[in-house]
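# Per-entry structural report
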Amino acid sequence: METVRAAERELMARLPEGALMQRAAAGLAVACAELLGRVYGARVVLLVGSGDNGGDALYAGARLARRGAGVAAVLLSPGRAHSGGLAALRSAGGRVSDDAPRDLARADLVVDGIVGIGGRGGLRPEAARLARVARESAPVVAVDLPSGVDADTGEVSGEAVRADATVTFGAYKPGLLVDPARERAGALRLVDIGLTLPPEAAMEALQHADVARLLPRPSAESDKYRRGVVGVVAGSARYPGAAVLAVAGALRGGAGAVRYVGPAADAVLARFPETLVHAGPPDKAGRVQAWVIGPGIGDESDALEDVLASDVPVLVDADGLRFLTPRRVRERAAQTLLTPHAGEAAALLGCGRAEVEAARLASVRELARSFGATVLLKGSTTLVAGAGGPVRVNPTGTGWLATAGSGDVLSGVTGSLLAAGLPALDAGSVGAYLHGLAARRAAGREGAPILASEVAAHLDAAWRDVTD
């Protein structure tokens, strides 16, 4: 967050005193008014800490009070509350609460201005108690980020506010995009306060236009081989479905052809007759531009060594990850993309799954550094990290993707993008984006249980969503 703080300091040096806080407060007040629907007569409670977030909340409260809202400020550090904001609130008809539980119980909206981006660790006991009461009483709007979460990493080391919406200023903070903090942020709203930020961010979240620009498209002179051929090594006697699902994703990922190598050829051909099949080993199957290996292969490690010895990009998923070492991956000249979920990442890092889930950003960066590879860490917020540069977070995921086989589909579509020529970071980011969109389509507007095969079936619609 030092980048944001430096930009704020630079801008404050050029603006009249207090102008930057007024910009933030104005945007916050507008967002609160929209959530309330009717401001006049509404009851708003501000949870006010000692920092600038508390000042933002107080000035926003003053604006709401001038529009007829009844605004009460609960001061967690009465002697350290922002003096200008407190004076503005009182001047506008707001008041300092003398009975926080009573005011919270009557509130139509609660504004969390307890701790800002400089906060570390969870909430203190009194703040945590008020945050719990607020959550049970009314919708909660967080100022810049929910109090108690780490703005840089998305980690939550103690109790934290769980907001229905977060109004953030100048830039999205990493903690707003990465779980476990992300689930506490609610709906996000960015208020432009005029910051000048460096062109390269610590984290990126692709949007439709970015994905559309990266998607491979055939030219008039393309044939199936020029579009790329992806090889898929997946499935076993125990898990033939993994092969079918990985091939399904690959066929809809943008490459011109899919070569399947493994024992589930009959099942694959019965579902997808356009697949090119081979009994193996992979180096005898024919030319490919990328390999996908791992879904459902069980204890078969010979094929992995064969694939890693190739001179094309390789995606390793699921069972294939169990046989990897950092040294073997680093020896490769071509790109390698690893796609673990939290449990697999924990095994690769030699730690517990809970540690990975609590520190997703640090975990994906450490995996990328250790293996010298691009890593796609699957989960509630999918992260894609290369050896350096920004980490990408996928904004299209949905909890309905937590279903057997969905990772096999993701591996297939991402491997196909590798074969079509996308660098590993782009292939992982675009694959996750399309995968998430397809899952949302499969689940429907209201959300409903889905199958991995339904996600694969909606990939073409996801592609059209991006390019239309």
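Residues numbered from 1 in each chain as written. Predicted model: local features only at pLDDT ≥ 70, side-chain atom pairs only at ≥ 80, totals over all residues. Heavy atoms only, no water.

Helix and strand content of the protein chain: 19 helices and 17 strands. Oriented by its inertia axes, the alpha-carbon framework of the protein chain measures out at about 80 × 40 × 40 Å. Across the 468 residues of the protein chain, 55% fall into the buried class. Partitioning the intrachain contacts of the protein chain with sequence separation of at least 6 by distance along the chain shows that 66% fall at a separation of at least 24. When the accessible surface of the protein chain is summed, it comes to about 19800 Å², and 49% of that surface belongs to carbon and sulfur atoms. (Helix = DSSP H or I, 4+ residues; strand = E, 2+ residues; numbered from the N terminus. Buried < 20%, exposed > 50% of the residue type's maximum accessible area, 1.4 Å probe, protein only. Contact = heavy atoms within 4.5 Å. Areas by Shrake-Rupley, 256 points an atom, 1.4 Å probe, with all protein chains shown as cover.)

If you look at the biggest cluster of nonpolar residues, it comprises 54 residues, and the most contacted ones within it are Val232, Tyr260, Val430, Leu434 and Val466. At 10 residues, helix 17 (residues 424-443) tops the list of elements feeding residues into this core. The residues touching Val232, leaving out its near neighbours within four places in the chain, are Ala246, Val247, Ala250, Val258, Arg259, Tyr260, Val261, Trp291 and Val292. Counting 52 residues, the second-largest nonpolar core is a separate cluster that includes Val71, Ala73, Leu89 and Ala185. (Core = buried A, V, L, I, M, F, W, Y, C linked by side-chain atoms within 4.5 Å.)

This part is about the UniProt feature "binding site: AMP" (unreviewed entry) in the protein chain. Mapped onto this numbering, the UniProt entry gives "binding site: AMP" (unreviewed entry) at Lys378, Gly379, Ser380, Thr381, Thr382 and Gly407. In summary, the annotated positions, though distributed over 30 residues, converge in three dimensions, the widest C-alpha pair being only 13.8 Å. If you trace the backbone, Lys378 turns up in the loop between strand 15 (374-377) and strand 16 (383-385). In this structure, Lys378 is in contact with Asp317, Thr339, Pro340, His341, Ala342, Arg360, Gly407 and Leu410, ignoring residues within four places of it in sequence. Of note is the side chain of Lys378, whose polar atom sits 3.0 Å from the side chain of Asp317. Structurally, the position occupied by Gly379 is in the loop between strand 15 and strand 16. (UniProt positions renumbered as here; feature names shortened; annotations may be inferred. Polar contact = N/O pair within 3.5 Å; in protein donor to acceptor, adjacent residues only side chain to side chain.)

A separate point is the domain arrangement of the protein chain. As assigned here, the protein chain comprises domain 1 (2-201) and domain 2 (208-467). Computed over C-alpha atoms, the centres of domain 1 and domain 2 are 40 Å apart. Contact residues are listed per partner, giving 10 residues for domain 1 and 12 residues for domain 2. Overall, the association of domain 1 and domain 2 removes approximately 750 Å² of surface from exposure, summing both partners, and the carbon and sulfur fraction of that is 62%. Where domain 1 packs against domain 2, one counts zero salt bridges. Of the residues contributing to the side of domain 1 that touches domain 2, the split by class is four nonpolar, one polar and five charged. (Domains from an automatic or database assignment. Buried area = accessible area lost by both parts, 1.4 Å probe. Salt bridge = Lys/Arg side-chain N within 4 Å of Asp/Glu carboxyl O. Nonpolar A, V, L, I, M, F, W, Y, C, P; charged D, E, K, R; others polar.)

This next bit is on the packing of helix 13 (residues 342-349) against helix 15 (residues 360-371). Contact pair helix 13 / helix 15: the axes reach a minimum separation of 11 Å and the direction vectors enclose 50 degrees. Judged on the interaxial angle alone, helix 15 and helix 13 are oblique. Helix-helix and strand crossings are classified by hand; for helix 13 and helix 15 the assignment is left-handed. Residues Ala345, Leu348 and Leu349 of helix 13 pack against Ser363, Glu366, Leu367 and Phe371 of helix 15. Residues of the contact of helix 13 with helix 15, tallied by class, amount to five nonpolar, one polar and one charged. (Axes fitted to C-alpha atoms, helices over the stretch in contact; angles between N-to-C directions. Parallel < 35°, antiparallel > 145°, perpendicular 65-115°, else oblique. Left-handed = near helix turned anticlockwise from the far one by under 90°.)

Attention shifts here to helix 15. Given 3.6 residues per helical turn, the α-helix brings residues three or four places apart onto the same face. If you check helix 15, its first and last C-alpha atoms are 17 Å apart, about what 12 residues at 1.5 Å a residue would give, namely 16 Å. For helix 15, the full list of buried residues reads Arg360, Leu361, Ser363, Val364, Leu367, Ala368, Ser370 and Phe371. Gly372, located one to two residues past helix 15, shows a positive phi value of around 60 degrees. (Expected span 1.5 Å × (residues − 1).)

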